[in-house]
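Inside the fold
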Amino acid sequence: MDLTSYVIDLARAAGTVDKRCLFAAATEMRVGAYGEREAAFHFVLEGDCTLELGRRSFHLSAGDAVLLPTSPAHIVRTAGARRPSVETPGTAFDSVRSPSGDVHTDIFCGHFTVASGAGDLLLRSLPDPLIVSFGAADETVRSLATLLRAEARAETAGSTAILNALCTALLALMLRAGGTPAPWTAVTDDRIAAALRAVLDDPAAHWTVERLAETASMSRATFIRHFTRHTATPVATFVTNLRMMIAADLLTDPDLTVATVAGRVGYHSESAFTRAFHAATGQTPGRYRRGSVSRGRP
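One structure accompanies this document, and this report is about it. (Residues numbered from 1 in each chain as written. Predicted model: local features only at pLDDT ≥ 70, side-chain atom pairs only at ≥ 80, totals over all residues. Heavy atoms only, no water.)

1. Comments concerning the packing of aromatic side chains
In total, this model carries seven aromatic pairs according to the counting rule given. Taking the centre distance of 5.4 Å and the plane angle of 85° together, the rings of Phe 227 and Phe 238 count as edge-to-face. With Phe 227 in helix H7 (residues 220-231) and Phe 238 in helix H8 (residues 235-250), this pair connects stretches of sequence that are 11 residues apart. Both residues of the pair, Phe 227 and Phe 238, count as buried. A network of ring pairs unites the aromatic residues Tyr 267, Phe 273, Phe 277 and Tyr 288 as a single cluster. (Phe/Tyr/Trp six-rings, centres within 6.5 Å; stacked < 30°, edge-to-face > 60°. Helix = DSSP H or I, 4+ residues; strand = E, 2+ residues; numbered from the N terminus. Buried < 20%, exposed > 50% of the residue type's maximum accessible area, 1.4 Å probe, protein only.)

This is the structure in structure tokens:
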């Protein structure tokens, strides 16, 4: 399994379409904050709009997707005087429209839910917001938009499951493409991807920067330069976070002791592993395990 797919799987990431917005000019939609381990997204299929996050604003055009890892309350609006949108409940999702005027902006809005541990680490690793400009001409994104629209029009048996699966596909596209330097965009460089794949295959190994560079067939300096340009993250931090994501998944297996999990992700000392896991997730391995058992496997 490739790195992006593996990370999504570890995080138990699942997408949900909440609303489809069909806006004319001068329309705004206020979106409330989402809950813990929920990340809002907006995917602009046609037209343009502005995303307002407090004092920050971002212009979005057709082919743009935005992910809000912390999901604060925000506003989506089209240009012109402010008029509130009108929301109509639906079976698979709600429809949000302008009170009048010709529609020129089509947006799918929803959220991703992730598991604790690995999912938390994934969301914390991303820029906030993560904005990816695929461009209206991107063939894969156009195909995804076509499928979303077709299923939205049908809104029949199975539509919810299909729409949600398409949203999860959107997340994979966003992680793969990036938009600003972000940890998971490193997979676009085949040599760096090979090094990270090696970490996934053997997380217990002693992965120094030198060894990773050798695996990537690069010099140490070239590896660091390429890695930093792609991810804006120190190599050691990335490797540690990846190990902690794997550890969070392993800790949901009650047959594995904490010491065993520590060894499988490269820690010879259970106390050192506990410190690293707590620093990454805010929980000790034992507390995380008890929580995962009480709520079922994340």
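Additional details are given in the paragraphs that follow.
2. Re the pairing of strand S4 (residues 48-53)
Alternating residues of S4 divide into Cys 49, Leu 51 and Leu 53, all buried, and Asp 48, Thr 50 and Glu 52, none buried. Where S4 folds back onto strand S5 (residues 56-61) in an antiparallel hairpin, the turn is made up of two residues, including Gly 54, whose phi is positive at roughly 60°. Looking at chain direction, S4 and strand S7 (residues 74-77) are connected through three bridges and run antiparallel. Along S7, the bridge assignment pairs Leu 51 with Val 76. (Pairing = 2+ DSSP bridges.)

3. Considering the pairing of S7
The alternating pattern of S7 places His 74 and Val 76 and Ile 75 and Arg 77 on opposite faces, both of which are buried. As defined by bridge partners, strand S2 (residues 28-31) adjoins S7 across four bridges and the pair is classed as antiparallel. Among the inter-strand pairings, Met 29 is bridged to a residue of S7, identified as Val 76.

4. A few points about the sheet that holds strand S6 (residues 64-68)
Sheet strands pair by backbone hydrogen bonding; their relative direction is either parallel or antiparallel. Read across the open sheet, the seven strands follow the order S8-S9-S1-S10-S3-S6-S11; overall the sheet is mixed. A single partner strand is all that each edge strand has here, and the edge strands are strand S8 (86-88) and strand S11 (130-133). Direction aside, neighbouring strands of the sheet carry axes that sit 20° apart on average. Bridge analysis of strand S1 (residues 14-23) against strand S10 (residues 105-113) gives nine bridges, and the strand direction is antiparallel. Bridge pairing in S10 places Lys 19 opposite Cys 109. Contacting S1, strand S3 (38-46) and S10, helix H3 (residues 139-154) crosses the sheet at an angle of about 95° to S3. (Axes fitted to C-alpha atoms, helices over the stretch in contact; angles between N-to-C directions. Contact = heavy atoms within 4.5 Å.)

5. Here we look at the packing of helix H5 (residues 190-201) against H8
It is the contact of H5 with H8, at a shortest axis distance of 10 Å, that shows an interaxial angle of 35°. Between H5 and H8 the crossing geometry is right-handed. Of H8, the residues touching H5 (which contributes Leu 196, Val 199 and Leu 200) are Phe 238, Val 239, Leu 242 and Ile 246. In terms of residue class, the contact of H5 with H8 is made up of seven nonpolar, no polar and no charged. (Left-handed = near helix turned anticlockwise from the far one by under 90°. Nonpolar A, V, L, I, M, F, W, Y, C, P; charged D, E, K, R; others polar.)

6. Here's the deal with helix H4 (residues 159-177)
Quick reminder: α-helices carry 3.6 residues per turn. Residues three or four places apart thus point the same way. Taking 1.5 Å of rise per residue, 19 residues should cover 27 Å, and H4 covers 27 Å from first to last C-alpha, within 8% of that figure. Along H4, the residues that are buried comprise Ser 159, Leu 163, Asn 164, Leu 166, Cys 167, Thr 168, Leu 170, Leu 171, Leu 173, Met 174 and Leu 175. (Expected span 1.5 Å × (residues − 1).)

7. A look at the nonpolar core
Formed by 78 residues in total, the largest nonpolar core has its most connected members in Leu 67, Trp 184, Phe 223 and Phe 273. Counting 18 residues, the second-largest nonpolar core is a separate cluster that includes Met 29, Val 31, Leu 51 and Ile 107. (Core = buried A, V, L, I, M, F, W, Y, C linked by side-chain atoms within 4.5 Å.)

8. Description of the pattern of salt bridges
As enumerated under the stated definition, the model contains 12 salt bridges in all. Residues Arg 30 and Glu 28 are paired through a salt bridge, measuring 3.2 Å at the closest nitrogen-oxygen approach. You can call Glu 28 buried: its relative accessible area is 11%. Put simply, Arg 20, Glu 46, Asp 106 and Arg 149 are held in one network by salt bridges that share partners. (Salt bridge = Lys/Arg side-chain N within 4 Å of Asp/Glu carboxyl O.)

9. Side note on the sheet that holds S2
The strand order S2-S7-S4-S5 describes an open sheet built from four strands, whose pairing is antiparallel. Because the sheet does not close on itself, it has two edges, and the strands there are S2 and S5. Pairwise comparison of adjacent strand axes, ignoring direction, gives a mean angle of 20° for this sheet.

10. A closer look at unusual backbone geometry
Cis geometry is found at the peptide bond from Asp 128 to Pro 129, where omega equals 5°. Within the fold, Pro 129 resides in the loop between helix H2 (118-124) and S11. Despite not being glycine, Arg 12 has its phi angle at roughly 50°, a positive value. We note that Ser 71 has phi near 45°; this positive angle belongs to a residue other than glycine. Locating Ser 71 in the fold gives a position in the loop between S6 and S7. Its relative accessible area of 1% is what places Ser 71 among the buried residues.

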